[in-house]
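# Reading the structure
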Amino acid sequence: MYFPVGWPKLLSLPIEEDDSLQFVAANRERSLFAVLTSQAVYVWYCKPCVHAVSYRRSDDSVIVLGRNQYAEWKPDSTGLAVTTTGGHLLLYRIDHEGSGSLYAQKHGRHRRESIEIDHHVVPAMKVSLLGTLQIPGGIKSIVCFKEELMVSSGHGILQRIRWDGVVNCKMTIAINTIRFSIDLQQSRQTQLDQPGVYFNNIKYSSLLGGFAVTLADGRAGFLTAPTARFEPQNVHGVWAQEVNNASCIAINHTYRLIAFGCTNGQGMVYTVDEITGSLLVSHRLALSSTDYPDASNAAGPVTLLKWTPDGCALAMGWQNGGLALWSVFGAKLLCTLGGDYGFSQDAFRDNPLQIKSMEWGMEGYHLWVTTTPKKCDSTSADVTPFQSPGDLVQLQFVKSALTVNPCTCNHEHLFLQGEDKLYINTGDTILKTHNDQTAVPSSPVREISPVLNPVGPQTHVPSVLVGNKQWQTIQLPIGYLSANWPIKYAAVDRAGHCVAVAGKTGLAHYALFTRKWKLFGNETQEQDMAVNGGLCWWKDFIIAACFNINESRDEIRLYPRVSNLDNAFATITKVPYQVLLVNVFRDILVVFCVDCHVTLYHIERKDTKPNPSAILTRIQDLSLTNFVPHPTSLVSLTLTSLRSETASGKLPTQSREAESLIVNVAGRLMMLQRDRTKPQHKETVSDKKKAFQELPFLAPVVLASSVENMWAPVGFSKEKPHLMEALWLGCGAVGMKVWLPLFPTKEDKPHSFLAKRIMLPFKLQIYPLAVLFADAVVLGAANDVLTYDPTSPCGSLACQQGLPFCVMERTTQIYLHHILRQLLRRNLGFHALEIARSCISLPYFSHVLELMLHEVLEAEATASEPIPDALLPRVVAFIQEFPQFLHTVVHCARKTEIALWPYLFSVVGNPKDLFEECLDAKAFETAASYLIILQNLENLKVSRHLATKLLDAGLDHGKWELCKDLVRFLRAIGPNDPESSPRTPAPINSPGIFPLSAATPKGENKAAFPFSSSKGTGQRGRSSSYTNPNYSPSTGTEKQKSVSPPSQTPDRKNSVHRKDSGGSSDEFFLDTILCRHARKLLASARLKDLGMFAAHLDFALTGWLRKERLRAAKVEDPVEALKKLHHDFMWPLPVFALLNSSQIQLTKQSDRINSSSQTILDSDMNGIAVDDEADSGILATSGSNNGYMPSTASKPRQQPTSQSEDFMYVSKTEDAVLKPMLNKAVCTDEVSLSTSTTIEMTSENSSTLGESEYSLLDDTSWGSSQQMAELEVISQELVNKGPPQSEEEIRYLIKVFSEAACLEWSLLLAVLLKDPVVVTSVVNTASMTECPLEMIGRMREALSYLELWADTECPGYRAFLYSLRAQAQVLTGIVISETAAKSPSKTPPNTPTNPTPENSIAGSEFSFHGSHGNRTDEESEDHTIDGDSESEVLEEDPHLSDDTTYQCQIS
């Protein structure tokens, strides 16, 4: 939970050339640092980090007494003891020189003007030599023992020396008189009678009551005595077993641990057994051989061990260089041996962090390091070699807020604190600051209900915090830091909106939504309080356990966030003893004091005006004296609703009170449950006392050991009761443990002996700092480095040390698969199934199953010995309960070595059967993954057969991307022997599913939906994959080039002829499949799918359609085909609009158009001018006609001068077109229908008017009602249009079908767009090209059927289809003329004849039904004559034909 950040700082020292750095030591408060060189003492002040005073010995003193070696501070910082290599003890006195100051801070313009206080004043100090004392045998180690110095000499003597230089001879201890044993009870005692034995390291712990020592021969032990005076005759030693190569010592007072560094590069950590007094191995500190191969031998012996001030981390240094940081119970946080701390091989071999001594700074924000002096040999002969004195380096760290302030709110967020910054992961905070839980400055933060939001992140938006890896950095205010550095406590509220900090005195808080700090307005109040017991949030109140400096008493204060930070608005409660820890559970405040008593208070909020207030009501006291060896050993405590059994689960979870008190005493977790066996005492005094009665607790129960952190949910969830009612423990090197509830089932009720909870351990790859209970995710932080190529001069730190820039990154890990695996191993599959089903909605649930299967498979398949009770069958049976089974198995197999596949599939089943199950379940992507497996396990014949089967299924269900990969996969197999043995799969060159042998050509269309408009549409390339030089792919249509010449199919590349008959047969088989599916799509009118099929699979659609235009491309049922097109392209059916009276009047005016105008209109409708591309049969869709005013006329046409004129012009056009039909109508319905649908037919045929018709419009007939009608028509057209993408696709298909001469589909697509220009172009193509008579007849019949369908079912199409009657007559004329030309007895065109079965269209070519599709034979006869008459009109008026781009000749 400690992480380095930023650049290391190099502190400059005025060191002489022949001097070198030796040692660094801090005083008790860690405000002063003594830096020793060989002959000088430098005293540094921590903040500001400046050199305060120094004392340099003379050269003669160094020669006589020896060089400086070690240093030890006096407890009151007024003295300093320095040992020398000559066996002398130098005692220095450090005095403050009056009231003067060496440095003083100059206030800027933002200085707080309340009172005059000098901040960060560095006092002027004086160092003087008090005296020297020679120790016989030399000084091996020195430690401060109360008001004396304990000095270990080389003669095996422990001398106690007072700070005035007087030796306390009566208390001198000889090592050979100390009795050592394994424990303090019945074990056999021995004495150290070997000659030359001495203590080379000694450390004292007042909390443990003894000295930890290492002997010169490598053994280690602990010295203790029954009394605190440590009389020589009562000293007893306890051996540390399993250690015979100890080199250094570090004692953790909080967790009561003793760490020994060993010469093999590892560390051993021991704990003191309180009953026997023996030293028990807690854990080992060893680097993983996987991450750091041979690191122990390369780094050398461990020379340095230093615990952080809070005891939560241990720094380790090696003789050959390198620094490691471990958590209190052995989780590795940092190691510089990974190679990132050097830029060259020399830098890696000579590690830049070759540490000689180190010391932690105040609150653990800095690590002071002195590096080993280095000899730099010069290559020049005229320059003498010199010795580098070493460097004084300051490493900067940030730490988790849980280290010193383990309140519940800090456990719910990833929250780190530095000396001047706070780091919080903002993913969840950013989300919540935009919802209804947003806190505003004028109102308090609304507390999130545990029912709605149990653990901070929104339960209905999973993994929101996981998705954001960015840190939000909050800079602490300079106005507060200048007087109160360093920051001791920090807390964030449950919503993540507000943070509070407390430094040396006072406190401050910050709101993320306002980005403003609040400080005390009265600086005197800030200086009169010091937070020393913790900080936490309760709703919108800050709870601080502080010491009132002015009145010398301990208090608990509650400050409202919305008010000014002032004591006038605070709720102050006096407490009899110093508070060490505070925590909040719902509305209960838990306070732990130095007298080892826990006090519970009830908090009640009062909405008083103008500022809210809170009331503390004491509930009860609970003594922990018998369970806590020392008050500082209690690391954390919290109230929870958890119990050791789940019988209380019958009660509603939201109504549960505090059920248990959980405390962490030096890493040992104990739970004190509420005693429900005793009857509850009923109070009759007041309602308050009735509501908050004392909670009697049972004796504590030890839950776990080696616990660093614990996370207990404060809410509940009916969907995930197991995860939300579990206790999560961080246990260092062991990983995590979860105390999981096992809810009883109906079958379990008779078995009362079954456990109700179970403790499950599991390993983690990260260090946990927060747990997202409902999301089954652990959050943490990790250190990363950014190397920097130094360009500065050689004397800089970057060049000399090569130290990198350190950054933090947020890490995550899923833990659900560990829990499921542990439950299955313990035959608790029912509970595992319940937990898994509650988490099935998680987006990474399938990944959880895959991780579990993979880990079990790796463990069992690579085991050296047979496993009697294999777990893999249970895991497979468990995964089969979920729909992700097939997906999980294949993904696990593809990420596993092929050698493990037989063991996997021997349990899960035959992969071919799993492939078939995927096809049955329509899981085609999963089935495709199985093809890779089958390609390696089966021969090529089986692989090709299964791939073909999957291709058929994928084509039927429109999986185009998958089918594209399958086609390339089949072509990549090649024409090898299908009976050959299974082979190794080809390498995959793309991130897709299937192995591809060739790269995609640059010209290939790579769009996900590769339809394109005709604008800019060029030749489409096709991609190929090759497995041998004799193979090149092509489609079946490309093999017969005589059928479709290149000039007619410009969208194909010239294919390469195959020389291998096997490859040709395989290709022909594949092309047959594709052609068959294209035929199926076309027969079912799925043109959209056909276009996507051709685009994704590089299918030569134009050439294939040209061959199939009289077979599969026939339109058997035009009405159903049009309906299918509407559905596939999401194109709405046109809506029939009723007209108002003004529109009907306008229609009546338009009925007065003369007959000559009608003749012009009829001629122009059938001979509309189109461009050259339309004449050739290819429709130009690049214009933006949209059916209103197509710009396809060959000569310019006068445009209306306004929208009103345009609308009137359109209205007259439609009426003119319908007028000839009205003259021939038999029923009056047609007359009314043509009148009522005048406005609807405006846009589609607006291009058929002549210029002479503008004179027919009168401006006086246009009014406001007509303008409204115009808007109605425009809006109606917009409603009838589909998506723009669909329109592009339709026009693209029209071009493709026109190029292939499939005019039936072109006509239907034009009707779908309601574009008369396209219809006219299709009719022109039919008249000018050699179009089969059968196709023209079906086109005419299609228009008749569509007109009948429009009359009966879809009136919105009636107007447009009526306007196409002229085009239908043209088609009829073409059919009649062609039929007459082929008939042996021809009838003159102007002579009407009755149709006969031999020569009529109805009898020979198609069933003709007239305009509505239901005319009788007589009506058909009349219509035929009518068409001939129209043909005569066209021939008699040649100047009209000259105005168009072609002449329609009818014989």
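Our structure is the block above this text.
A brief look at the structure comes next. (Residues numbered from 1 in each chain as written. Predicted model: local features only at pLDDT ≥ 70, side-chain atom pairs only at ≥ 80, totals over all residues. Heavy atoms only, no water.)

## Points about the layout of surface pockets
- Taken as a whole, the second largest pocket spans an internal volume of roughly 1,000 Å³.
- Lining of the second largest pocket is provided by 38 residues; of these, Asp 291, Ala 331, Lys 332, Leu 333 and Gln 765 occupy positions nearest its centre.
- It is strand 58 (residues 777-786) that contributes the most residues to the lining of the second largest pocket, 5 residues altogether.
- Per-class residue counts for the lining of the second largest pocket are 21 nonpolar, 10 polar and 7 charged. (1 Å grid on protein atoms, 1.4 Å probe; cavity = no way out; pocket = protein on both sides within 12 Å on 5 of 7 lines; lining within 4 Å. Points joined across faces, edges and corners; volume = space filled by probe spheres on them. Helix = DSSP H or I, 4+ residues; strand = E, 2+ residues; numbered from the N terminus. Nonpolar A, V, L, I, M, F, W, Y, C, P; charged D, E, K, R; others polar.)

## A word on the packing of helix 19 (residues 940-956) against helix 20 (residues 960-973)
- Two numbers describe how helix 19 lies on helix 20: the axes approach to 9 Å, and their chain directions differ by 155°. The angle between helix 19 and helix 20 places the two elements in the roughly antiparallel class. Considering only the axes of helix 19 and helix 20, their crossing is left-handed. The residues of helix 20 that touch helix 19, namely those facing Leu 940, Arg 944, Ala 947, Thr 948, Leu 950, Leu 951, Gly 954 and Leu 955, are Trp 960, Cys 963, Leu 966, Val 967, Phe 969, Leu 970 and Ile 973.
- Split by residue class, the contact of helix 19 with helix 20 holds 12 nonpolar, 2 polar and 1 charged. (Axes fitted to C-alpha atoms, helices over the stretch in contact; angles between N-to-C directions. Parallel < 35°, antiparallel > 145°, perpendicular 65-115°, else oblique. Left-handed = near helix turned anticlockwise from the far one by under 90°. Contact = heavy atoms within 4.5 Å.)

## Remarks on the nonpolar core
- With 187 residues, the main nonpolar core has Trp 728, Ile 819 and Phe 878 as its most contacted residues.
- It is helix 33 (residues 1303-1313) that provides the largest number of residues to this core, a total of 9 residues.
- Among the nonpolar cores identified, the runner-up in size contains 33 residues, and Trp 44, Tyr 365, Tyr 480 and Trp 517 belong to it. (Core = buried A, V, L, I, M, F, W, Y, C linked by side-chain atoms within 4.5 Å. Buried < 20%, exposed > 50% of the residue type's maximum accessible area, 1.4 Å probe, protein only.)

## Thoughts on unusual backbone geometry
- Here the bond from Lys 47 into Pro 48 is cis, since omega is 0°, no more than 30 degrees from zero.
- As for its placement among the helices and strands, Pro 48 is situated in the loop between strand 5 (40-45) and strand 6 (50-56).
- Here Lys 609 and Pro 610 are connected by a cis peptide whose omega angle stands at 0°.
- Along the chain, the position of Pro 610 falls in the loop between strand 47 (597-606) and strand 48 (613-623).
- Positioned with a positive phi, Ala 666 is a non-glycine residue whose angle comes to about 55°.
- Structurally, Ala 666 can be placed in the loop between strand 50 (660-665) and strand 51 (668-673).

## Remarks on helix 24 (residues 1101-1108)
- Across the 8 residues of helix 24, 7 count as buried, placing the element largely inside the fold.
- For helix 24, the set of buried residues is Leu 1101, Thr 1102, Gly 1103, Trp 1104, Leu 1105, Arg 1106 and Glu 1108.

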